[in-house]
Amino acid sequence: MATPVVTKTAWKLQEIVAHASNVSSLVLGKASGRLLATGGDDCRVNLWSISKPNCIMSLTGHTSPVESVRLNTPEELIVAGSQSGSIRVWDLEAAKILRTLMGHKANICSLDFHPYGEFVASGSQDTNIKLWDIRRKGCVFRYRGHTQAVRCLRFSPDGKWLASAADDHTVKLWDLTAGKMMSEFPGHTGPVNVVEFHPNEYLLASGSSDRTIRFWDLEKFQVVSCIEGEPGPVRSVLFNPDGCCLYSGCQDSLRVYGWEPERCFDVVLVSWGKVADLAVCNDQLIGVAFSQSNVSSYVVDLTRVTRTGTVAQDPVQDSRPLAQQPAHPSAPLRRIYERPGTACSKPQRVKQNSESERRSPSSEDDRDERESRAEIQNAEEYNEIFQPKNSISRTPPRRSEPFPAPPEDDMVSAKEVAKPSPTMDSQFPVPNLEVPPRPPAVTPTPAPKAEPAIIPATRNEPIGLKASDFLPAVKIPQQAELVDEDAMSQIRKGHDTMCVVLTSRHKNLDTVRAVWTTGDIKTSVDSAVAINDLSVVVDLLNIVNQKASLWKLDLCTTVLPQIEKLLQSKYESYVQTGCTSLKLILQRFLPLITDILAAPPSVGVDISREERLHKCRLCYKQLKSISGLVKSKSGLSGRHGSAFRELHLLMASLD
């Protein structure tokens with residue numbers, strides 16, 4: 001007799017190093033729930049397939065950090081806004097830049113694609129909202145009314161309205177056909193971070209830093225209900241596709257709300273920190289969050305979440321599947337959106353645009369588009385995701401499968417205690433408590449445990465040493481008494497050798513310290529390298545890594561060969577130190593090295609320049625040697641794999 005594995009309600013799917021520097025923005029494809037786009041301080045836009053470790057495509061062209069990204073509904077176009085105020089649109093199927101849009105005077109805070117027409121709305125730190133025609137490469141209209149940065153923009157499902165949320169604590173609704181503001185929704189006491197239209201009814205939800213969610217009736221232009229007491233600022237909300245409830249991504253939890261009356265259906269604990277975006281696909285909610293250069297994705301099984309019914313009694317999600325409650329009698333439905341059957345017509349202009357907004361394509365724009373590139377880094381996944389859309393197929397498209405859920409931790413541990421060696425992957429045997437225990441079987445003596453390939457930096461016992469090795473062998477412990485002299489002699493075995501090793505290391509460190517006190521960092525590093533003891537080099541690098549200003553180009557020529565040795569060490573602490581030092585060198589000196597090597601030769605004799613050029617050539621040669629090692633180790637899992645993948649991204653310009 002066997003029982004199925006009880007799976008989790010929420011779990012972490014994966015964590016990736018998305019950029020060589022910090023991630024500043026990201027967005028999920030709402031149609032598939034499988035496509036992820038990230039923007040970083042390295043001025044790149046990277047595309048990922050959820051649950052896959054490798055980047056599909058990297059889009060370049062921006063010259064300042066990417067502050068906002070957005071995918072259109074079919075996930076064929078992507079728009080990215082930068083800190084300088086420029087906007088770029090890429091065609092993902094053709095893998096090329098489509099448009100470069102200029103006009104904002106400050107960084108782009110929010111973007112959204114029109115659901116039907118080829119239009120993009122942008123909100124900026126300059127408080128302006130602009131509507132762009134992608135085909136004509138121009139600004140259609142500019143909406144003014146906010147007094148602070150516009151943090152979120154959303155088109156209505158029928159494409160006739162545009163909702164905006166800003167730091168001035170207000171939500172505004174704009175009529176695209178009339179080109180004017182329809183209504184303003186005050187009430188929040190903090191910056192409004194997000195707005196979302198109901199998929200069917202004339203209803204709008206807004207989330208604010210004042211820890212409230214407000215629901216607005218778009219026929220009467222008044223508040224329907226207000227949910228207070230969120231655990232933190234509201235940054236991400238999403239209606240269920242059928243409109244039955246609203247999901248709110250809170251600090252380390254997902255909350256499910258109704259609005260007439262306001263009530264909380266369920267609370268699911270998810271350790272995603274500050275979630276940045278949400279999507280629903282295959283009865284699963286996918287959430288993504290980022291911290292520094294890492295992006296993490298999480299999955300919540302919505303079949304185990306209460307989405308209708310009475311108020312949730314216990315805020316902590318139970319481990320058992322939840323039975324659906326009878327639906328609460330709902331209020332009469334509001335007016336339904338009328339979606340056009342064809343592409344939306346161009347919004348009407350109510351006033352003539354300024355000369356800067358009617359600008360035609362210039363040579364500067366053409367140059368920007370030539371400099372923008374779409375680097376396909378995973379051709380197999382790119383062809384699988386984007387290319388099939390270009391061809392006509394007689395078979396229906398293949399639907400993505402739900403992400404498999406891992407088993408419950410407590411259920412797995414309980415079953416493993418019952419039987420340590422399960423014979424099936426998907427089922428666990430149920431122990432029969434009435435069966436008498438079997439006599440213990442005689443098993444051979446286990447082989448000695450081999451020394452691990454990588455010795456962890458933090459461990460509770462020395463590697464390769466056992467306390468029993470230092471004690472006299474006793475055949476019958478009950479009948480023998482341990483003599484103090486024998487015990488001490490066994491314990492002191494090897495003590496003299498260890499003292500010699502530690503004394504030698506202390507002497508070497510004193511030698512390096514004596515040179516260090518003179519202020520000559522380069523000579524102290526040379527002396528540590530000359531000692532030919534990696535432990536001394538690691539101790540010295542751990543000090544130098546704490547102050548980046550100590551690094552100089554001539555220091556890199558000495559340290560890089562030692563870093564290559566550290567990266568191949570079996571000691572985790574050595575590998576960590578090597579990765580930290582290499583990252584500092586790449587961030588501070590790689591742009592300088594490539595620029596000097598690419599510069600034309602100088603006229604005349606310049607000794608200092610020749611010395612600098614020689615050092616750059618030597619560093620470049622050493623980095624090329626290390627890049628192969630980093631690439632080979634970037635496929636590792638865990639902490640080491642993340643560090644090597646980040647280094648591999650930083651060294652991409654060497655290829």
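Residues numbered from 1 in each chain as written. Predicted model: local features only at pLDDT ≥ 70, side-chain atom pairs only at ≥ 80, totals over all residues. Heavy atoms only, no water.

J.: Explanation requested: the packing of aromatic side chains in the structure shown.
T.: The relative placement of two aromatic rings is captured by the distance of their centres and the angle of their planes. All told, the structure shown has nine aromatic pairs when counted by the stated rule. For the ring pair Trp272 and Tyr298, a centre distance of 6.3 Å and an interplane angle of 85 degrees mean the geometry is edge-to-face. Of the two residues, Trp272 is situated in the loop between β26 (262-269) and β27 (277-281) and Tyr298 in strand β29 (residues 294-301); the sequence distance between them amounts to 26 residues. Considered together, Trp272 and Tyr298 belong to a single accessibility category, that of buried residues. Every member of this aromatic cluster is reached through a ring pair, and the members are Phe141, Tyr143 and Trp174. (Phe/Tyr/Trp six-rings, centres within 6.5 Å; stacked < 30°, edge-to-face > 60°. Helix = DSSP H or I, 4+ residues; strand = E, 2+ residues; numbered from the N terminus. Buried < 20%, exposed > 50% of the residue type's maximum accessible area, 1.4 Å probe, protein only.)

J.: Looking at this structure, I do not really get the sheet that holds strand β22 (residues 222-227). What am I missing?
T.: Ordered in space as β19-β20-β21-β22, the four strands form an open sheet in which the pairing is antiparallel. Lying at the two open borders of the sheet, with one neighbouring strand each, are β19 (192-197) and β22. Sheet twist, expressed as the average angle between the axes of neighbouring strands with direction ignored, equals 20 degrees. (Pairing = 2+ DSSP bridges. Axes fitted to C-alpha atoms, helices over the stretch in contact; angles between N-to-C directions.)

J.: Teacher, can you tell me more about the nonpolar core here?
T.: Within soluble globular proteins, side chains that are nonpolar tend to cluster in buried spots. Counting residues in hydrophobic clusters, the biggest one holds 43 residues, and the most contacted among them are Trp551, Leu567, Leu582 and Leu623. Of all elements in the fold, only α6 (521-531), α7 (534-544), α8 (553-567), α9 (572-598), α10 (607-633) and α11 (638-650) reach the threshold of two or more residues within this core. It is α9 that provides the largest number of residues to this core, a total of 11 residues. Non-local contacts of Leu623, meaning those with residues more than four positions away in its chain, are made with Leu560, Leu582, Leu586, Leu590, Ile593, Met651 and Leu654. Judged by nonpolar contacts, the second largest core, of 29 residues, contains Tyr202, Phe215, Trp216 and Val267. (Core = buried A, V, L, I, M, F, W, Y, C linked by side-chain atoms within 4.5 Å. Contact = heavy atoms within 4.5 Å.)

J.: Would you mind showing me how to read the pairing of strand β18 (residues 180-185) here?
T.: Pairing geometry for strand β17 (residues 171-175) and β18, over five bridges, is antiparallel. Opposite Val171, over in β18, you have Phe185 as the bridge partner. Taking the residues between adjacent antiparallel strands as the criterion, β17 and β18 are bridged by four residues, where Gly179 takes a positive phi near 70 degrees.

J.: Could you clarify how one ought to interpret the pattern of salt bridges in this entry?
T.: For side chains of opposite charge, pairing can occur when their charged atoms come near one another. For the structure shown, the criterion picks out 11 salt bridges. Among the ionic pairs, Arg70 bridges to Asp112, the shortest N-O distance being 3.0 Å. On the criterion of sequence distance, the pair formed by Arg70 in strand β7 (residues 66-71) and Asp112 in strand β11 (residues 108-113) is long-range, its members being 42 residues apart. In this structure, Arg70 and Asp112 share a single accessibility class: buried. Between Lys172 and Glu184 there is a salt bridge whose closest N-O contact spans 2.7 Å. You can see Lys172 sitting in strand β17 and its partner Glu184 sitting in strand β18, a full 12 residues away along the chain. (Salt bridge = Lys/Arg side-chain N within 4 Å of Asp/Glu carboxyl O.)

J.: What exactly am I supposed to notice about α7 here?
T.: For an α-helix, 3.6 residues make a turn, and residues three or four places apart therefore share a direction. Of the residues making up α7, those classed as buried are Ser535, Val536, Val537, Val538, Leu540, Leu541 and Val544. Buried positions along α7 lie against α5 (495-516), α6, α8 and α9.

J.: Is there a simple way to explain a nonpolar patch on the surface in this structure?
T.: Together, Met498, Val501 and Leu502 make up a nonpolar patch on the protein surface, roughly 290 Å² of accessible area in all. Looking at the secondary structure, you find Met498 in helix α5. For Met498, a relative accessible area of 47% corresponds to the partly exposed category. (Patch = residues over 30% accessible without salt bridge, like charges linked within 9 Å, V, L, I, M, F, W, Y side chains within 5 Å. Areas by Shrake-Rupley, 256 points an atom, 1.4 Å probe, with all protein chains shown as cover.)

J.: It is not clear to me how the pairing of strand β9 (residues 87-91) should be interpreted in this structure. Could you clarify?
T.: For a regular strand, the rule is simple: side chains alternate between the two faces of the sheet. Of all five residues that make up β9, five are buried, and the element is covered over most of its length. Across the two faces of β9 the burial is the same, with Ile87, Val89 and Asp91 and Arg88 and Trp90 all buried. Pairing between strand β8 (residues 77-82) and β9: five bridges, direction antiparallel. Considered in β9, the bridge of Ile78 is made with Trp90. Linkage of β8 to β9, two consecutive antiparallel strands, is achieved through a turn of four residues, within which Gly85 is found at a positive phi near 100 degrees. Here five bridges tie β9 to strand β10 (residues 96-101), and the two strands are oriented antiparallel to one another. Bridging from a neighbouring strand, Ile87 pairs with Leu101 of β10.

J.: How should the environment of Arg151 be read in this particular structure?
T.: Summarising the element assignment, Arg151 is placed in strand β15 (residues 150-155). Beyond its immediate chain neighbours, meaning those up to four positions away, Arg151 contacts Cys109, Ser110, Gln125, Ala165, Ala166, Asp167, Val192 and Asn193. Of note is the side chain of Arg151, whose polar atom sits 3.0 Å from the side chain of Asp167. (Polar contact = N/O pair within 3.5 Å; in protein donor to acceptor, adjacent residues only side chain to side chain.)

J.: What's the story with unusual backbone geometry in this structure? I'm lost.
T.: Keep in mind that most residues, glycine aside, have a negative phi and that most peptide bonds are trans. Cis rather than trans, the peptide bond between Glu260 and Pro261 has omega equal to -5 degrees. Examined against the element boundaries, Pro261 turns out to sit in the loop between β25 (253-259) and β26. Positioned with a positive phi, Glu75 is a non-glycine residue whose angle comes to about 60 degrees. On the secondary structure map, Glu75 appears in the loop between β7 and β8.

J.: Would you mind showing me how to read the sheet that holds strand β16 (residues 161-166) here?
T.: Strand pairing in a sheet takes place through backbone hydrogen bonds and is either antiparallel or parallel in direction. Reading across the sheet, the four strands line up as β15-β16-β17-β18 and stay open at both edges, with antiparallel pairing between neighbours. At either end of the open sheet lies a strand with only one pairing partner, and these are β15 and β18. The sheet shows a mean angle of 20 degrees between the axes of neighbouring strands, taken without regard to direction.

J.: Sorry if this is basic, but what is going on with the packing of α7 against α9 here?
T.: Packed helix pairs are specified by the crossing angle of their axes together with the interaxial distance, meaning the distance between the axes. Contact geometry for α7 and α9: axes closest at 10 Å, N-to-C directions at 45 degrees. One way to sum up the angle between α7 and α9 is to call them oblique. The handedness of the crossing between α7 and α9 comes out as left-handed. Where α7 abuts α9, its residues Leu534, Ser535, Val538, Leu541 and Asn542 lie against Tyr574, Thr577 and Ser581. When its residues are assigned to classes, the contact of α7 with α9 shows four nonpolar, four polar and no charged. (Parallel < 35°, antiparallel > 145°, perpendicular 65-115°, else oblique. Left-handed = near helix turned anticlockwise from the far one by under 90°. Nonpolar A, V, L, I, M, F, W, Y, C, P; charged D, E, K, R; others polar.)

J.: For this particular structure, what's the right way to read the side chain of Asn193?
T.: Inspection of the secondary structure assignment puts Asn193 in strand β19. Residue Asn193 is classed as buried on the basis of its relative accessible area, which comes to 16%. Of note is the side chain of Asn193, whose polar atom sits 3.1 Å from the backbone oxygen of Val234. The contacts of Asn193, once residues within four sequence positions are left out, are Arg151, Cys152, Gly207, Ser208, Ser209, Pro233, Val234 and Arg235.

J.: Teacher, can you tell me more about the environment of Leu71 here?
T.: With respect to the element layout, Leu71 can be found in strand β7. On a C-alpha basis, the gap between Leu71 and Leu35 in space is 9.2 Å, while along the polypeptide they are 36 residues apart. Leave out the neighbours within four places in its chain, and Leu71 touches Val27, Leu28, Gly29, Leu35, Leu77, Ile78, Leu92 and Phe113.

J.: Honestly, α10 in this entry has me stumped. Any pointers?
T.: Taking 1.5 Å of rise per residue, 27 residues should cover 39 Å, and α10 covers 39 Å from first to last C-alpha, within 8% of that figure. Buried within α10 we find Arg609, Leu613, Cys616, Cys619, Gln622, Leu623, Ile626, Ser627, Leu629 and Val630. (Expected span 1.5 Å × (residues − 1).)

J.: What is the right way to read the confidence of the model for the chain from this model?
T.: Low pLDDT means the predicted atomic positions in that stretch should not be read closely. When pLDDT is averaged along the chain, the result is 78; 74% of the residues meet or exceed 70. Counted against residues more than four places away or in other chains, residues 313-332, with its pLDDT under 50, gives 31 contacts. Counting interchain partners and residues more than four positions distant, the pLDDT-below-50 stretch residues 389-397 has five contacts. (pLDDT = per-residue confidence, 0-100.)

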